[in-house]
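Close look at the chain arrangement
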Amino acid sequence: MRLDKFLKVSRLIKRRTVANEVSDTGRVYVNGNPAKPSKQIKEGDEIRIEYANRTVAVRVLKVPENNVSVQEAPTLYETLL
């Protein structure tokens with residue numbers, strides 16, 4: 001699954017267009033490297049998102065085939081920071 005879609009499906013970022021913009025500006029890292037929106041995400045990857053006033057780091061636990069419910073979204077990752 002693409003990085004931008006995973007961020008949207010997991011609800012780490014609300015909209016896919018916003019996920020694209022954040023990735024394009026170099027504020028999303030996968031396994032310590034800046035990542036483009038098209039980066040393929042797999043289980044075990046660590047994603048760090050730098051917001052204006054905070055940083056969020058998560059480890060991918062599960063990559064869904066398609067959209068998931070709001071209740072299921074937090075089960076896709078574990079928070080590191």
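Residues numbered from 1 in each chain as written. Predicted model: local features only at pLDDT ≥ 70, side-chain atom pairs only at ≥ 80, totals over all residues. Heavy atoms only, no water.

**Structural notes on the sheet that holds strand β4 (residues 55-60)**
Read across the sheet, five strands follow the order β2-β1-β3-β4-β5 without closing on themselves; strand pairing throughout is antiparallel. Looking at the sheet topology across the chains shown, the edges are occupied by β2 (33-34) and β5 (77-79). (Pairing = 2+ DSSP bridges. Helix = DSSP H or I, 4+ residues; strand = E, 2+ residues; numbered from the N terminus.)

**What about the side chain of Ser 10?**
Relative to the assigned elements, Ser 10 resides in the loop between α1 (3-9) and α2 (16-24). Residue classification places Ser 10 among the buried residues on the basis of a relative accessible area of 1%. For Ser 10, the side chain forms a polar contact with the main-chain oxygen of Phe 6, separated by 2.8 Å. Among the polar contacts made by the side chain of Ser 10, one reaches the main-chain carbonyl oxygen of Leu 7 at a distance of 3.4 Å. If sequence neighbours within four positions are ignored, Ser 10 has contacts with Ala 73, Leu 76 and Tyr 77. (Buried < 20%, exposed > 50% of the residue type's maximum accessible area, 1.4 Å probe, protein only. Polar contact = N/O pair within 3.5 Å; in protein donor to acceptor, adjacent residues only side chain to side chain. Contact = heavy atoms within 4.5 Å.)

**A few points about the nonpolar core**
Formed by 22 residues in total, the largest nonpolar core has its most connected members in Leu 3, Phe 6, Leu 7, Leu 12, Ile 41, Ile 47 and Ile 49. Going through the elements one at a time, α1, α2, β1 (28-30), β3 (46-50) and β4 are the ones with two or more residues in this core. Among the elements that make up this core, the one with the highest residue count is α1 (four residues). Aside from chain neighbours lying at most four places away, what touches Leu 3 is Ser 23, Val 28, Val 30, Ala 35, Lys 36, Pro 37, Lys 39, Ile 41 and Ile 47. (Core = buried A, V, L, I, M, F, W, Y, C linked by side-chain atoms within 4.5 Å.)

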